[in-house]
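This is what each chain is made of:
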Amino acid sequence: ALSGRQLGVCVVMNGCVYAAWDVEKAHTTGVDAFRAPRGGLIGEVNEMRFVQTGGPVSPYPKIGGGGDVSSVELIRCVSGASDVLIRAAVEGGARGLVIEGLGGGHVPPVMMPALLDALQRNMTVVVTSRTGSGLPLRAMYQATGAEIYLRQHGVLFSRLSGPKARII
């Protein structure tokens, strides 16, 4: 078993132990209000002791460094959206972008010219999925805006939710 120091910051509630990276509030008032839809439990409290059931959290791409994130913009992809929000962020001086992509982390092709412009300006761009659970794809689709295409152009991926990826 790993020690608490090796596991990092954890959330313990209702007998469940989650890595702070992965936990999200999923219910307004329930005793099981926290869940980790992308990462799962790392342990349980059983007979007043910690029992490890999962591993430590892997590192994530960093944009804000946990400090001032006022210049890191969060943009959610939706069907039929334009690139106007990405362009506004770039022209407005954003230091980084977190894009909540469609499904497995895809960005609509219409947004790609603005996203490529951001990357050419050395902005950090992280894509995560807006779905709420599951991991972004790594190597399945090559199309414009799909994960292989995005990685080839320097986009980073995170399994965190958009709001969490923004503050890391």
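Our structure is the block above this text.
We now turn to the structure provided with this report. This structure is a prediction, so every number in the text was calculated from the model and none was measured. (Residues numbered from 1 in each chain as written. Predicted model: local features only at pLDDT ≥ 70, side-chain atom pairs only at ≥ 80, totals over all residues. Heavy atoms only, no water.)

**Re the side chain of Asp83**
The line we're drawing: Only DSSP runs of H or I reaching four residues or more are called helices, and only runs of E reaching two or more are called strands; each is numbered from the N terminus. The cut-offs for exposure are 20% and 50% of the maximum accessible area for each residue type, with area from a 1.4 Å probe on protein chains only; residues under the lower value are buried, those over the upper are exposed, and the others partly exposed. Here a polar contact is recorded for every N or O atom pair within 3.5 Å, except that within protein the pair must consist of a potential hydrogen donor and a potential acceptor, and residues adjacent in sequence are included only if both atoms are side-chain atoms. Two residues form a contact once any of their heavy atoms are found within 4.5 Å.
As for its placement among the helices and strands, Asp83 is situated in the loop between β7 (72-76) and α2 (84-91). Owing to a relative accessible area of 16%, Asp83 belongs among the buried residues under this scheme. In this structure the side chain of Asp83 is engaged in a polar contact, spanning 2.9 Å, whose partner is the side chain of Arg87. Setting aside residues up to four positions removed in sequence, Asp83 forms contacts with Val110, Met111 and Ala114.

**What about the packing of α2 against helix α3 (residues 112-120)?**
Quick reminder of the rule: Lines fitted to C-alpha atoms define the axes, with helix axes restricted to the stretch in contact, and inter-axis angles between N-to-C directions lie between 0 and 180 degrees. These descriptions rest on fixed angle ranges, namely under 35 degrees for roughly parallel, over 145 for roughly antiparallel, 65 to 115 for roughly perpendicular, and the rest for oblique. The sense of a crossing depends on the near helix, which, turned anticlockwise from the far helix by less than a right angle, makes the crossing left-handed and, turned clockwise, makes it right-handed. The nonpolar class holds Ala, Val, Leu, Ile, Met, Phe, Trp, Tyr, Cys and Pro. Asp, Glu, Lys and Arg form the charged class, and all remaining residues, Gly among them, are polar.
Where α2 contacts α3, the axes come no closer than 8 Å and their chain directions differ by 20 degrees. Judged by the angle between their axes, α2 and α3 are roughly parallel. Remark: the crossing between α2 and α3 carries left-handed chirality. Along its contact with α2, which presents Ile86, Arg87, Val90 and Glu91, the element α3 presents Pro113, Ala114, Leu115, Asp117 and Ala118. Taken together, the residues that form the contact of α2 with α3 break down as six nonpolar, no polar and three charged.

**As for the sheet that holds strand β6 (residues 49-52)**
For the record, the criterion: Strands are labelled as partners when DSSP assigns at least two bridges between them.
Read across the open sheet, the four strands follow the order β1-β2-β5-β6; overall the sheet is antiparallel. A single partner strand is all that each edge strand has here, and the edge strands are β1 (10-13) and β6. For this sheet, the mean inter-axis angle between neighbouring strands, taken without regard to orientation, is 25 degrees. Across four bridges, β1 lies against strand β2 (residues 16-19) in antiparallel orientation. For Cys10, the partnering residue across the bridge sits in β2 and is Ala19.

**Examining the sheet that holds strand β9 (residues 124-129)**
Pairing within the open sheet is parallel, and its four strands lie in the order β7-β8-β9-β10. Edge positions in the open sheet fall to β7 and β10 (156-157), since each of these has one partner strand only. Here strand β8 (residues 96-101) pairs with β9 via six bridges, running parallel. Pairing of Ile99 across the sheet is with Val127, part of β9.

**Overview of the pattern of salt bridges**
Convention followed: The salt bridge criterion pairs a side-chain nitrogen of Lys or Arg with a carboxyl oxygen of Asp or Glu, the two atoms within 4 Å.
What the rule picks out here adds up to six salt bridges. Close ionic contact of Asp83 with Arg87 constitutes a salt bridge, the shortest N to O distance being 2.9 Å. The partner of Asp117 in a salt bridge is Arg121, with the nearest N and O atoms 3.3 Å apart. Judged by relative accessible area, which is 18%, Asp117 ranks as buried. Among the charged side chains, a network of salt bridges with common partners joins Glu91, Asp117 and Arg121.

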